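# Structural characterization, general
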Amino acid sequence: MEPIVIIGSGLAGYTLARELRKLDQAVPLVIITADDGRYYSKPLLSNALAQGKTADQLAGAFAPAMAEQLNAEVLVFSRVEDIDPVARSVRAAQRVIAYSKLVLALGADPVRPQLAGDAADSVLSVNDLMDYARFRERITGTRRVTILGGGLIGCEFANDLSHAGHLVDIVHPALYPLDRLLPEAAAQDLQRGLAGVGVTWHLGHTATAVNRAAAGYAVTLDDGAVIATDAVLAAIGLRPRVTLAQAAGIRAARGIQVNRLLETSAADVYALGDCAEVAGHVLPYVMPLMAQARALAATLAGTPTEVVYPAMPVIVKTPACPVAVATVAGEVAGSWQVACGEEGVCALYQDEGQDLLGFALTGKQAGQRQALARQLPALMP
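Residues numbered from 1 in each chain as written. Predicted model: local features only at pLDDT ≥ 70, side-chain atom pairs only at ≥ 80, totals over all residues. Heavy atoms only, no water.

Right, let's get into helix H3 (residues 63–70). Residues lying three or four places apart along an α-helix face the same way, a consequence of the helix completing one turn every 3.6 residues. What H3 keeps buried is the set Ala63, Met66, Ala67 and Leu70. Projected down its long axis, H3 shows its buried positions confined to an angular sector of 100°, all on one face. Counted as exposed and oriented over 90 degrees from the buried face of H3: Pro64 and Glu68. Structurally, H3 contributes buried residues whose contacts are with helix H1 (11–23), strand E2 (29–32) and strand E3 (73–75). (Buried < 20%, exposed > 50% of the residue type's maximum accessible area, 1.4 Å probe, protein only. Helix = DSSP H or I, 4+ residues; strand = E, 2+ residues; numbered from the N terminus. Arc of directions from axis to C-beta. Contact = heavy atoms within 4.5 Å.)

Quick look at the structure:
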């Protein structure tokens, strides 16, 4: 029997393998990864600096231990060059590996800012454990860090860097942070919370250039202002990795398109995690990934199982101002009902009948997220 092959050793790939082994101990399993194959949880990368954690300390296990735990062959530093859905094989590590089922757990790439300047190539991003190691090394002994992007990851890193003793500037094109997730009142509460721990905001602006300076770097903004900094971190979004799938004739749009069985347009090829567009949804969060891994493991073990998404609140790791947000289900028209107080913001998104469709909570109000989540419709029943 040819093995099940998983491309990717991030949280999606390894979680799927673990879930599969709960159901089938014997099926041959090969995991191919372009990096060193250490197991870690990607969400931990944005709150590890203040804890003084190194990359090795964040790794739960190295590749040989994962191979033993999973009874799998783990091929590290092996980039898949192409997929042949007709021959049912992949080419990697100077080998052609046949598969019975193929799973794409390819993840996503950070969106790179379009910048001028002689130090544009020195802008960092943190998308995996090796990136984190490089970033941590770069900022050791420095004082100022500039973050490009005030979304979820940018705000989490800003909070973490501030608590680690750094002075942080955030450059964000919208007039308030997390503008794609939060109503204005909740976003402004987050803005104040981070300002309270020393974050300087540059809202309504973008960076146009990064140049080397006598000490560190100079970040030029679209209004001509210049920020002196020791390091620059880009956190402006993620783009699902679809190129490998598209080259094999597998359909992709925002992500690799799959149905609720996580099947791609190619027979016996599946996708999950940050690279996947599941029935139109692209949700680069942990809870959807876990739901996908459990469903796909059952399918691979012989019981076809559609993925189900309950309401899944997102917790933003910003202790300076805790935030919980549940995205609005579907395209149902509604409006925000916002209440602000000393304990934070409680913003409820309701339809005309006052049924709850989503929420955004800050401060102590975030403590009611589980009770409110029970009132929400399922994102994908």
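The tally for this structure, following the rule as stated, stands at three aromatic pairs. Seen in terms of ring centroids, Trp336 and Tyr349 are 5.2 Å apart; in terms of plane orientation they differ by 70°. Their pairing is edge-to-face. With Trp336 in strand E22 (residues 335–341) and Tyr349 in strand E23 (residues 344–350), this residue pair connects regions lying 13 residues apart in the sequence. With a relative accessible area of 30%, Trp336 lands in the partly exposed category. In this structure, Arg18 is placed above the aromatic ring of Tyr39, and the distance from its NZ or CZ to the ring centre is 4.3 Å. (Phe/Tyr/Trp six-rings, centres within 6.5 Å; stacked < 30°, edge-to-face > 60°. Lys NZ or Arg CZ within 6 Å of the ring centre and 35° of its normal.)

Read across the sheet, three strands follow the order E4-E5-E6 without closing on themselves; strand pairing throughout is antiparallel. Edge positions in the open sheet fall to strand E4 (80–84) and strand E6 (95–98), since each of these has one partner strand only. Taken over all neighbouring pairs, the strand axes of this sheet differ in orientation by 20° on average, direction set aside. (Pairing = 2+ DSSP bridges. Axes fitted to C-alpha atoms, helices over the stretch in contact; angles between N-to-C directions.)

Sheet analysis places strand E5 (residues 89–92) next to E6, joined by four bridges and oriented antiparallel. What sits directly across from Arg91, in E6, is Val96. Where E5 folds back onto E6 in an antiparallel hairpin, the turn is made up of two residues, including Ala93, whose phi is positive at roughly 50°.

Moving on, we come to unusual backbone geometry. Phi angles above zero are rare outside glycine, and Phe77 is one such case at about 50°. Tracing the chain through its elements places Phe77 in the loop between E3 and E4.

Another aspect to go through is the nonpolar core. In terms of nonpolar packing, the biggest core is built from 64 residues, with Ile7, Ile83 and Leu104 touching the most fellow members. It is helix H8 (residues 286–300) that provides the largest number of residues to this core, a total of seven residues. If we skip the residues at most four places from it in the chain, Leu104 touches Ile7, Ile83, Ala245, Ile250, Ile256, Val269, Tyr270, Ala271, Leu272 and Cys275. If you look at the next biggest cluster of nonpolar residues, it comprises 44 residues, including Leu45, Ile147, Val323 and Val345. (Core = buried A, V, L, I, M, F, W, Y, C linked by side-chain atoms within 4.5 Å.)

For helix H5 (residues 152–163), with 12 residues, the first-to-last C-alpha span of 17 Å sits near the 16 Å given by 1.5 Å per residue. Counting buried positions along H5 gives 10 out of 12 residues, so the element sits mostly inside the fold. When we look at burial in H5, the residues that qualify are Leu152, Gly154, Cys155, Glu156, Phe157, Ala158, Asn159, Asp160, Leu161 and Ser162. One or two positions beyond H5, positive phi appears at Gly165, with a value near 100°. (Expected span 1.5 Å × (residues − 1).)

So, about the pattern of salt bridges. Side-chain pairing between opposite charges can occur once the charged atoms of the two side chains come close. Under the defined criterion, the tally for this structure stands at 16 salt bridges. In this structure, Glu73 engages Arg95 in a salt bridge whose closest nitrogen and oxygen atoms are separated by 2.9 Å. Pair noted here: Glu73 is in strand E3 and Arg95 is in strand E6, with a separation of 22 residues, a long-range link. Its relative accessible area of 34% is what places Glu73 among the partly exposed residues. The shortest N-O distance in the salt bridge between Arg192 and Asp189 comes to 3.4 Å. Here Arg192 pairs with Asp189, and both are found in helix H6 (residues 184–195), just three residues apart, close to one helical turn. (Salt bridge = Lys/Arg side-chain N within 4 Å of Asp/Glu carboxyl O.)

One key point about sheets: their strands pair by backbone hydrogen bonds, in either a parallel or an antiparallel sense. Pairing is antiparallel across the open sheet formed by five strands, whose spatial order is E20-E21-E24-E23-E22. The strands lining the two open edges of the sheet, one partner per strand, are strand E20 (314–316) and E22. Going across the sheet, the axis of each strand differs from the next one's by a mean of 15°, ignoring polarity. Across five bridges, E23 lies against strand E24 (residues 356–362) in antiparallel orientation. Note on E24: the bridge partner recorded for Ala347 is Ala360. Each of strand E21 (323–326), E22, E23 and E24 is contacted by H6, which is oriented at about 155° to E23, the strand it contacts most.

The next subject is the pairing of strand E7 (residues 101–104). Direction of pairing for strand E1 (residues 4–7) relative to E7: parallel, over a ladder of four bridges. Opposite Val5, over in E7, you have Leu102 as the bridge partner. Relative to strand E18 (residues 269–271), E7 is paired through three bridges, and the arrangement is parallel. Across the sheet, the residue bridging to Leu102 is Val269, located in E18.

Of note, Val96 is situated in strand E6. Under the relative-accessibility criterion, Val96 is labelled exposed at 60%. Expressed as a C-alpha distance, the spacing of Val96 and Glu81, which sit 15 residues apart in the sequence, is 10.0 Å. Setting aside its immediate chain neighbours within four residues, Val96 contacts Ser89, Val90 and Arg91.

It is the contact of H1 with H3, at a shortest axis distance of 10 Å, that shows an interaxial angle of 25°. Between H1 and H3, the angle falls in the class roughly parallel. From H1, Tyr14, Ala17, Arg18 and Arg21 reach across to H3, where they touch Ala63, Met66, Gln69 and Leu70. The residue makeup of the contact of H1 with H3, split by class, is five nonpolar, one polar and two charged. (Parallel < 35°, antiparallel > 145°, perpendicular 65-115°, else oblique. Nonpolar A, V, L, I, M, F, W, Y, C, P; charged D, E, K, R; others polar.)

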